[in-house]
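Structure at a glance
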Amino acid sequence: MPRISTSFDATSTAADVVAGVDLTGKRAIVTGGASGIGIETARALAGAGAEVTLAVRDEDAGRRTAQDIAGNVRVALLDLAERPSVDVFVDSWDGPLHILVDNAGVMASPLMRTAEGWEMQFATNHLGHFAVANGLRRALAAAGGARIVSVSSAAHMRSPVVFEDIHFLEREYQPWLAYGQSKTANILFAVEASRRWADDGITANALHPGGIRTNLQRYVDDAELERMRAATGGNAPQWKTPEQGAATSVLVATSPLLDGVGGRYFENCNEAELHQPGTRTGVMPYALDPEAAERLWTVSAETLDLKGA
Ligand SMILES: NC(=O)c1ccc[n+]([C@@H]2O[C@H](COP(=O)([O-])OP(=O)(O)OC[C@H]3O[C@@H](n4cnc5c(N)ncnc54)[C@H](OP(=O)(O)O)[C@@H]3O)[C@@H](O)[C@H]2O)c1
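This next bit is on the site of the ligand. Surveying the vicinity of the ligand reveals 28 residues, the closest of which are Ser35, Arg57, Tyr179, Ile212 and Thr214. At 3.4 Å from an oxygen atom of the ligand is found a main-chain nitrogen or oxygen belonging to Gly210. Across the complex, the protein chains shield 93% of the 890 Å² of accessible surface that the ligand would expose by itself. Within the residue set of the shell around the ligand, elements represented by two or more residues are α2 (36–47) and α7 (175–196). Its residues assigned to classes, the shell around the ligand shows 10 nonpolar, 14 polar and 4 charged.

Here is the structure:
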């Protein structure tokens, strides 16, 4: 299928891309929906008529966000790094699910591990979302044409999934390598979920939202932030606003141009080209590699002891 290109670009907002889309009767989940671009993603989906569940680990923040957004917005507790929390979340979901936005994330944190000993960025950004999607598979299938939106990052360029030592047990921990690995995993997930779940009408696509000042940068100092800002903007570096940052997520979640399209990577509201050396854009071939995608799926299912995934 040809590359998807749209009339939108880096300056488009979530409201721009959802204009004219009617989501009445559709149900959506936005993980991490009480902060940063998650708020604006949820606002746009709710504004178009969807019932939106903010899946958050801070319920007070969730309630404040739900009040601020207005519309049909619910709040549910979800800590992606805690297996019992994921299990309760998926078990309490009832009925079809049309849009799952895997948006929550942690970036470049110091070395932290879950109770199981898994590296925290991989566990939160990838494994938690993998468990949620698998737990909600029947709900997604029941929707007919459900979409999963896997919020990745240009930082996927920093690392493939290093299958030999995903959890940094043998190699020295490096916060950015761990983040990059987890964000590559987000793309590989979209590739394999689209392949495995095609018969259920489920598609998954990944995206880079752009550079946006949010709580995500809590572990990054100002000098590093300035380098990131300059790197994302070329000669005229600019941060995106949260409304612009949410645009590609909302496009991938709702655009009719993506009907039946899965396993792809978007940035600035368009499908990305393959990365070219010397640029800061595009998708790395290793992130779209079907063999790596299948391997990651198997490893993730084994790690989580998910029967039938
Ligand atoms: N901002 C950027 O420049 C940028 C660039 C590339 C990609 N991204 C991606 O965009 C997504 C959203 O980022 P953002 O910038 O909006 O960041 P943000 O404001 O920090 O939002 C991230 C959300 O994830 C939640 N979260 C973290 N760990 C969690 C866990 N264990 N369980 C449940 N929720 C958890 C956070 O909850 P708490 O508030 O409770 O911590 C927060 O609500 C992330 O996946 C990020 O990797 C962002």
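Next, the rest of the story.
One way to put it is that α2 packs onto helix α10 (residues 247–254) with a least axis distance of 9 Å and a crossing angle of 40°. In terms of orientation, α2 and α10 fall into the oblique class. Where α2 crosses over α10, the two elements pack in a sense that is right-handed. Taken together, the residues of α10 that come into contact with α2 (itself represented by Thr41, Ala44 and Leu45) are Ser249, Val250, Ala253 and Thr254.

Structurally, Pro96 is set in the loop between α4 (83–91) and β4 (99–102). Assessed through its relative accessible area of 30%, Pro96 is described here as partly exposed. Through-space distance from the C-alpha of Pro96 to that of Ala146 is 9.0 Å; in sequence the pair is 50 residues apart. Each residue touching Pro96, except ones within four places of it in the same chain, is listed here: Arg27, Ala139, Ala142 and Ala143.

What counts and what doesn't
Each chain has its residues counted from 1, running along the sequence as written. For this predicted model, a pLDDT threshold of at least 70 governs which residues receive local features, and a threshold of 80 or more governs which side-chain atom pairs are given and counted, while totals over whole chains, interfaces and linings are taken from all residues. In computing side-chain properties, one takes all heavy atoms of the structure into account and sets aside hydrogens as well as water. Working definition: residue near molecule or strand if any one of its non-hydrogen atoms lies within 4 Å of it. Each polar contact in these results corresponds to two N or O atoms within 3.5 Å; when the atoms are within protein, one needs to be able to donate a hydrogen and the other to accept it, and residues that are neighboring in sequence are counted only if both atoms are side-chain atoms. Calculation of accessible area relied on Shrake-Rupley with a 1.4 Å probe; when residues are assessed, cover is drawn exclusively from the protein chains displayed. Helix and strand definitions here come from DSSP, where helices need a minimum of 4 consecutive H or I residues and strands a minimum of 2 consecutive E residues; each element is numbered from the N-terminal end. Think of it as three bins: nonpolar holds Ala, Val, Leu, Ile, Met, Phe, Trp, Tyr, Cys and Pro, charged holds Asp, Glu, Lys and Arg, and polar takes everything else, Gly as well. Axis lines are fitted to C-alpha atoms, over the contacting stretch for helices. Their N-to-C directions set the angle, which ranges from 0 to 180 degrees. Should an angle fall under 35 degrees it is called roughly parallel, over 145 degrees roughly antiparallel, and 65 to 115 degrees roughly perpendicular, with every other angle called oblique. Crossings are sorted by hand: turned counterclockwise from the far helix by less than a right angle, the near helix makes the crossing left-handed, and turned clockwise it makes it right-handed. In this description, contact between two residues means that some pair of their heavy atoms is separated by no more than 4.5 Å. For each residue, the accessible area found with a 1.4 Å probe, counting protein chains only, is set against the maximum for its type, and the residue is called buried under 20%, exposed over 50%, and partly exposed in between.

In short, shape yes, function no, at least from these values alone.
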